[in-house]
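# Chains, contacts and geometry: an overview
One-letter residues, chain by chain:
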Amino acid sequence: MMPEAKLFAGGPSIKDRLKERMESLGALSVMTGQVFSRAVRPPYDWAGLIFHTESLGVRSLPIALLTATFAGLVISLQFGYFLARFGVQYTVGRVVILTLFRELAPVLTALTVGARIGSGIAAELGSMTVTEQVDAIRALGADPLRKLVVPRVFACLIVLPVLTVFSDVVGLVAGALVVKSQYGISLDQFSQGALDAVLMGDFVSGVIKGAVFGLIIGLVGCFKGLAVEGGTEGVGRATTQTVAITSVTVCLADFFITKITLYF
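What you see is a predicted model; the values in this text were computed from it and never measured. For every chain, the first residue of the written sequence is number 1, and numbering continues from 1 onward in sequence order. Totals for whole chains, interfaces and linings use every residue, but because this is a predicted model, local features are given only for residues with pLDDT of at least 70 and side-chain atom pairs only at 80 or more, for both listing and counting. Side-chain numbers here rest on the full set of heavy atoms in the structure, without hydrogens or water.

## Focus: the overall build of the protein
Helices and strands together make up the secondary structure of the protein, namely ten helices and zero strands. When its C-alpha atoms are laid out on the principal axes, the protein stretches across 65 × 60 × 30 Å. Evaluated residue by residue, the protein yields a buried proportion of 41% over its 264 residues. Whether two residues are in contact is decided by their heavy atoms: any pair within 4.5 Å suffices. Contacts spanning at least 24 positions in sequence make up 84% of the contacts within the protein whose residues lie at least 6 apart. Each accessible area is a Shrake-Rupley result for a 1.4 Å probe, and residues are judged covered by the shown protein chains and nothing else. When the accessible surface of the protein is split by element, carbon and sulfur atoms take 69% of a total near 14,300 Å². For the charge count, each Lys or Arg is scored as positive and each Asp or Glu as negative, with His and the chain ends excluded. Charge placement uses NZ in Lys and CZ in Arg. For Asp and Glu, CG and CD serve respectively. Distance between charge centroids for the protein: 3 Å, based on 21 positive and 18 negative side chains. Strands here are runs of E lasting at least two residues and helices are runs of H or I lasting at least four, both read from the DSSP assignment and numbered beginning at the N terminus. Partly exposed residues are those whose accessible area sits between 20% and 50% of the maximum for their type, while under 20% is buried and over 50% is exposed, using a 1.4 Å probe and protein chains only.

Here it is in structure tokens:
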């Protein structure tokens, strides 16, 4: 048998891979239920929640605002150019605010900040797993989920909606400035058109997306970190898988949330 054939024959089959994915999904679902059951029962780790909210949120603010700035600049420049073809460039504020509030701000924030947060959580918990610190916590009678997972998951649940709101504001300001300099549309005209078009449901839908995305990022990062096997090499795999899984899941969740909130 050719070496290539042996290599191919020795690899896991599609059935085995599918079974492994389904088992991982089931384990993640079980962990999610355990996290919420522990979160609603005292004692509450307020100090851990505040610490992780600061470490995950405040330190992610620069990259979130930078992403929102360039998103606002690009979409304002693009929409202003195309609307100018029809002589309605003064309506660019309406398009920009709806695009930012409903889609770009929550999704781009989740993809950029979520990659940082999720990989960081996976790496931190993965390192604790391979060095047996998680086993030590369990041996001392403490609950690793309550001590390690619950504060991180709920910190993500708080951080992502807040960062989404900041991204909304910064992206809108950046868009207003670029259309003023590029197309001569005054800030009053831009803001008036934006306020006339936007509804509270447009804003709320983006915040809801941010909360769901934050929950996904926190759960996946914690799950992959606690499931690390194979030493430091396994930690590297876990961080890479976390970024890939959260990115795909965020895009998938965005579709379904948009379907649900489209007519708010």
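Okay, back to it.
## So, the side chain of D202
For D202, the position within the fold is in helix α9 (residues 200–226). D202 sits in the buried class, given a relative accessible area of 6%. There is a polar contact of 2.7 Å between the side chain of D202 and the side chain of R102. The contacts of D202, once residues within four sequence positions are left out, are L98, F101, R102 and A197. Counted as a polar contact is a pair of N or O atoms within 3.5 Å, where, for protein atoms, one must be capable of donating a hydrogen and the other of accepting one, and residues adjacent in sequence contribute only when both atoms are in side chains.

## A closer look at the UniProt feature "transmembrane region" (unreviewed entry) in the protein
Here, UniProt's "transmembrane region" (unreviewed entry) annotation points to residues 61–84, 153–179 and 199–223. Its end C-alpha atoms 39 Å apart, residues 153–179 is made of 100% helix and 0% strand. Within the segment residues 199–223, helix and strand shares are 96% and 0% respectively, and the terminal C-alpha atoms sit 37 Å apart. UniProt positions are given in the numbering used here, feature names are shortened, and annotations may be inferred rather than shown by experiment.

## Thoughts on the nonpolar core
Of all hydrophobic cores here, the largest spans 36 residues; its most connected members are M31, I117, I121, V149, F213 and C222. Mapped onto this core, the elements with two or more residues apiece are α2 (14–39), α3 (46–57), α5 (92–130), α6 (133–139), α7 (144–183), α9 and α10 (231–261). Among the elements that take part in this core, α7 stands out by supplying ten residues, more than any other. Sequence-distant contacts of I117, that is, excluding residues within four places in its chain, are made with L56, S60, C156, V159, L160 and I217. In this structure, L83, L100, F101 and V178 belong to the second largest nonpolar core, which totals 15 residues. Buried Ala, Val, Leu, Ile, Met, Phe, Trp, Tyr and Cys residues that are joined via side-chain atoms within 4.5 Å together make up what is termed a nonpolar core.

## A few points about the packing of α5 against α9
Geometrically, a packed helix pair is captured by the angle between its two axes and the distance between the axes. Look at α5 against α9: their axes get within 8 Å of each other, and the N-to-C directions meet at 15°. Judged on the interaxial angle alone, α9 and α5 are roughly parallel. Considering the relative orientation of α5 and α9, their crossing is right-handed. Tallied by class, the residues present in the contact of α5 with α9 amount to 14 nonpolar, ten polar and four charged. Between N-to-C directions, angles span 0 to 180 degrees; the directions come from axes that are lines fitted to C-alpha atoms, helices contributing only their stretch in contact. For classification purposes, an angle smaller than 35 degrees is called roughly parallel, one larger than 145 roughly antiparallel, one from 65 to 115 roughly perpendicular, and anything else oblique. Two helices crossing with the near one rotated counterclockwise from the far one by less than a right angle form a left-handed crossing, whereas a clockwise rotation gives a right-handed crossing. We call Asp, Glu, Lys and Arg charged. Ala, Val, Leu, Ile, Met, Phe, Trp, Tyr, Cys and Pro are nonpolar, and the rest, Gly among them, are polar.

## Digging into the state of the cysteines
The criterion for a disulfide is a pair of cysteine sulfur atoms lying within 2.5 Å. In total, this model carries zero disulfides according to the counting rule given. C156 forms no disulfide, and the closest cysteine sulfur to it belongs to C222, at a distance of 7.0 Å. There is no disulfide at C251, and the cysteine sulfur nearest it, in C156, is 17 Å away. Of the residues examined, C251 reaches a relative accessible area of 43% and is grouped as partly exposed.

## Details of unusual backbone geometry
Here the residue pair P42 and P43 is connected by a cis peptide bond, since its omega of 5° sits within 30 degrees of zero. Counting through the fold element by element, P43 comes out in the loop between α2 and α3. Phi angles above zero are rare outside glycine, and E132 is one such case at about 65°. Within the fold, E132 resides in the loop between α5 and α6. Among the residues examined, E132 registers a relative accessible area of 54% and is labelled exposed.

## Considering the pattern of salt bridges
Note on definitions: salt bridges are taken to be side-chain nitrogens of Lys or Arg within 4 Å of carboxyl oxygens of Asp or Glu. Considering all chains together, one arrives at eight salt bridges under this definition. With its nearest N and O atoms 3.8 Å apart, the salt bridge here joins R59 to E54. Residue class for R59 comes out exposed when judged on its relative accessible area of 52%. With a relative accessible area of 32%, E54 lands in the partly exposed category. Measuring nitrogen to oxygen at the nearest pair gives 2.8 Å for the salt bridge that ties D254 to K209. On the criterion of sequence distance, the pair formed by D254 in helix α10 and K209 in helix α9 is long-range, its members being 45 residues apart. Here D254 and K209 have matching classes, each one buried.

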